[in-house]
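Listed below are the residues making up each chain.
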Amino acid sequence: IGPMTTVHPSLQREASGAIVELPAQLAGDARIDGRSPLAERYLLDWGRDRRGSARFIVRPGSVADVQAFVRWCSQSGVAIVVQGGNTGLAGGAISDSSDYAVLSLERLNRIRCVDPLDFTLQADAGAVLQDVKDAAEASDMTFPLALGAQGSCTIGGNVATNAGGINVLRYGMTRDLVLGLETVLPDGTLWNGMNGLRKDNRGYSLKQLMIGSEGTLGVVTGVEVRLSPRPTQVETAYVGLGSFRQACELFRMARHFCSDLLSAFEVIGEECLPLAHLIDPNLRSPLTQQCPVHAIVEVACGPGIDAGGLLETMLARALETDLIKDGVVAQSRSQAAAFWAIREGLVEGQARRGFHVRTDLSVRLSEVPQLIEQARACIVREWPGWTSLAYGHAGDGNIHFNVLPPIGCDPGEARTAGQAVLTSLYEVVGALGGSFSAEHGVGRSRSQVFWAGLSQRERQLHTAIKAAFDPAGLFNPACLMPDPGDF
Ligand code: FAD
């Protein structure tokens, strides 16, 4: 494997067989010892819930270097945890063994090309989502994947987690936006599926298997996405409602009235707002009265349609029928940004508040109100003193139902109880036929619950897919599937 050099003798002793050496190009600042203080940011997750360990962190700067490293790992029996922006919320990017290597994509971060004829963009997998979006905008197009972590998460991480965000309603999840992938497979082979085709029905879709596989089947090194025309009009309203049931009725009305021009529909329980204040005390509701539920409604389109008129007419009807109690349509981009800052501040506000139980539940659209009502009732009944928070992508049936321990609760006790709170919430969503993971994936934190919910046949199929790609089980052990000994 490429030029050889003598590096880190302990490493060679530990690697089984001790005959291969790390590729020379992964020396110097391309490799960080797992015990170094510099390793800290790769070993602590965004929510500070999980602290890991690793033998070392490598940061290859080219696809060839990724291949060389994966081959080295394959020959040496060293397990790999792939990491993008480390914003994942399920612990999938955090190595939990000092025998593992973390493979960070942060230096593989170029936008390769934007093609206005094909409406496509190609990027290295480590490109930050915001940079991908900016590159699309610079060519008068849009890459519509939008999430609170877009300034740090990577397009490869988005692919690996099949990320969602606020515009799924209109454009779909990452799965719907990816045209091609370039992937280094666990034996070091490069699979090039960057063909830019919108329609391709030849055989199984390896691309779709990789999407959402959370680093368990290989390293995504390149991504080709489809772009859309940049909306020239974006109109945003912030409205107040009496209940989540009314919010869901408003969603149905907006969906019929605005059709596919409706680009986002987010709901926020009023009890969540203090979290946004923790981030910025100026983040206040623009409503003139108190309302139990708030919603942000966005309509986006090109020229030739009166988007503002459409949104205002829809909201006027909702006011006439008492569906909404109050509402404001943003008069400027900065006012719209202030509405969104409230929504985005919630995730960070919770992290700042300290330990909290975090979920990303999904049910059928029609069952969103039942989900929230039943989850709230469950917390009141079983966990008195804990505070329920509900917000999220109601237009996709996806609610973040989070729970805060009582103020002053001992952190250790809160964490232990938090597991039981989670189990209660997963039972609620399970009884409604929903999913405990709408968008954050399974990761390490939920592999047991995921596996427990599969049938015997489903487990066999998952195991067979994993073995077909990664027979030695070196890619992200214990992520998505628990270690056999743990189950
Ligand atoms: P990482 O956290 O580094 O990795 C996540 C997983 O992907 C790990 O299992 C890792 O091994 C694997 N992986 C990463 N890169 C690669 C690669 N190149 N090849 C193979 N495997 C890889 N998520 C949503 O879906 N919707 C939201 O609205 C949303 N909002 C968020 C808001 C905030 C404030 C935060 C902190 C997170 C939010 N997330 C959201 C979660 C997170 O941002 C996404 O899961 C994101 O896609 C992770 O990207 P990343 O580059 O940070 O991946």
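In this text the structure is predicted, and so the values were computed from the model without any measurement. (Residues numbered from 1 in each chain as written. Predicted model: local features only at pLDDT ≥ 70, side-chain atom pairs only at ≥ 80, totals over all residues.)

### What about the overall build of the chain?
When helices and strands are tallied, the chain shows 16 helices and 18 strands. Relative to the compact-globule value of 23 Å for 487 residues, the chain shows a C-alpha radius of gyration of 23 Å, a close match. With respect to the three principal axes, the spread of C-alpha positions in the chain is 75 × 55 × 45 Å. Taken across its 487 residues, the chain has 48% of its residues classed as buried. The long-range share in the chain, meaning contacts at least 24 apart out of those at least 6 apart in sequence, stands at 72%. (Helix = DSSP H or I, 4+ residues; strand = E, 2+ residues; numbered from the N terminus. Rg over C-alpha atoms; globule rule 2.2 N^0.38 Å. Buried ≥ 20, exposed ≤ 12 C-beta atoms within 10 Å, placed from the backbone. Contact = placed C-beta atoms within 7 Å.)

### Focus on unusual backbone geometry
Not every positive phi belongs to a glycine, and arginine 48 is a case in point at roughly 55°. The residue arginine 48 is located in the loop between α2 (40-43) and β2 (56-58) in this model. Given 10 C-beta atoms within 10 Å, arginine 48 falls into the exposed group. Look at aspartate 140: it is not a glycine, yet its phi comes out positive at around 65°. Note on placement: aspartate 140 falls in the loop between α4 (129-138) and β7 (141-142).

### Quick notes on the site of the ligand
In the vicinity of the ligand lie 38 residues, with Gly84, Gly92, Gly156, Gly157 and Gly215 positioned nearest. Those elements giving two or more residues to the shell around the ligand turn out to be β3 (80-83), α5 (155-161), β10 (219-226) and α12 (333-353). Tallying contributions element by element places α5 first for the shell around the ligand, with 5 residues. Each residue belonging to the shell around the ligand can be placed in one class, and the counts come to 16 nonpolar, 19 polar and 3 charged. (Near = placed C-beta within 6 Å. Nonpolar A, V, L, I, M, F, W, Y, C, P; charged D, E, K, R; others polar.)

### Quick look at the sheet that holds β2
Strands sit in the order β1-β2-β4-β3 across an open sheet of 4 strands; the sheet is mixed. Two strands in the sheet have a free side with no partner beyond their single neighbour: β1 (31-33) and β3. Within this sheet the neighbouring strands show an average axis-to-axis angle of 20°, counted without direction. Two elements, β3 and strand β4 (residues 101-104), share 4 bridges in a ladder whose sense is parallel. Of the residues in β4, the one forming a bridge with glutamine 83 is serine 104. (Pairing = 2+ DSSP bridges. Axes fitted to C-alpha atoms, helices over the stretch in contact; angles between N-to-C directions.)

### Concerning the confidence of the model for the chain
The pLDDT averaged across the chain works out to 93; a share of 95% of its residues lies at or above 70. Note on residues 1-19: pLDDT under 50 across the span, and 29 contacts to partners over four residues away in sequence or across chains. Reported for the predicted complex are a pTM of 0.93 and an ipTM of 0.99. (pLDDT = per-residue confidence, 0-100.)

### Comments concerning the packing of helix α9 (residues 244-258) against helix α11 (residues 307-320)
Remark: α9 packs on α11, axes separated minimally by 10 Å, with the N-to-C direction vectors making an angle of 140°. In terms of their interaxial angle, α9 and α11 are classed as oblique. The handedness of the crossing between α9 and α11 is right-handed. The residues of α11 that touch α9, namely those facing Leu250, Met253, Ala254, Phe257 and Cys258, are Leu310, Met314 and Ala318. (Parallel < 35°, antiparallel > 145°, perpendicular 65-115°, else oblique. Left-handed = near helix turned anticlockwise from the far one by under 90°.)

### Side note on the pairing of strand β12 (residues 233-241)
The buried fraction of β12 amounts to 7 of the 9 residues, a majority that puts the element mostly inside the structure. Bridging between β12 and strand β15 (residues 324-329) involves 5 bridges; their strand directions are antiparallel. Along β15, the bridge assignment pairs valine 239 with glycine 327.

### Focus on the UniProt feature "domain: FAD-binding PCMH-type" (unreviewed entry) in the chain
When the UniProt feature table is mapped onto this chain, "domain: FAD-binding PCMH-type" (unreviewed entry) is found at residues 50-230. Helix and strand shares over residues 50-230 are 24% and 24% respectively, and the end C-alpha atoms of the span are 39 Å apart. (UniProt positions renumbered as here; feature names shortened; annotations may be inferred.)

### Things to note about the sheet that holds β15
The strand order across the open sheet formed by 7 strands is β15-β12-β14-β13-β17-β18-β16, and the pairing between neighbours is antiparallel. The open sheet is flanked by β15 and β16 (361-362), the only strands paired with a single partner. Relative to the sheet, α9 contacts β12, β13 (262-269), β14 (293-301) and β15, its axis offset from that of β13 by approximately 175°. Across the sheet, α11 lies against β12, β14 and β15, angled at about 15° from β12, the strand it touches most.

### Quick word on the domain arrangement of the chain
Here the domain parsing of the chain yields domain 1 (9-104), domain 2 (111-229), domain 3 (231-353), domain 4 (354-444) and domain 5 (447-486). Relative placement of domain 4 and domain 5: their C-alpha centres are 25 Å apart. Listed per partner, the contact involves 5 residues of domain 4 and 6 residues of domain 5. (Domains from an automatic or database assignment.)

### Let's talk about helix α14 (residues 411-431)
The end-to-end C-alpha distance of α14 is 30 Å, a good match for the 30 Å that 21 residues give at a rise of 1.5 Å each. Those residues of α14 lying buried are Gly418, Val421, Leu425, Tyr426, Val428 and Val429. Where the residues of α14 are buried, they touch β16, α13 (368-382), β18 (398-404) and α15 (447-452). Following α14 by one or two positions, glycine 433 has its phi on the positive side, about 75°. (Expected span 1.5 Å × (residues − 1).)

### Focus on the nonpolar core
Grouped together as the largest cluster of nonpolar side chains are 129 residues, with contacts concentrated most on Phe69, Ile80, Ala101, Val223, Ala247, Phe265 and Ala295. Discounting residues that sit within four places of it in the chain, alanine 295 has contacts with Val239, Leu241, Ala247, Leu250, Phe265, Glu266 and Val267. Core analysis: the next-biggest nonpolar cluster, separate from the first, contains 7 residues, Leu89, Val442, Cys479 and Leu480 among them. (Core = buried A, V, L, I, M, F, W, Y, C linked by C-beta atoms within 7 Å.)

### Points about helix α16 (residues 456-469)
Taking 1.5 Å of rise per residue, the 14 residues of α16 would be expected to cover 20 Å, and the 20 Å separating its terminal C-alpha atoms lies within 8% of that figure. With 0 of 14 residues buried, α16 is to be regarded as a mostly surface element.

### Notes on the pairing of β10
When you tally the buried positions in β10, you get 7 out of 8 residues, the bulk of the element. When strand β6 (residues 120-124) meets β10, the two strands line up antiparallel, connected through 5 bridges. By the bridge assignment for β10, threonine 120 is matched with arginine 226. Sheet topology places strand β8 (residues 178-184) next to β10; 6 bridges connect them, and they run antiparallel. What sits directly across from glycine 180, in β10, is glutamate 224.

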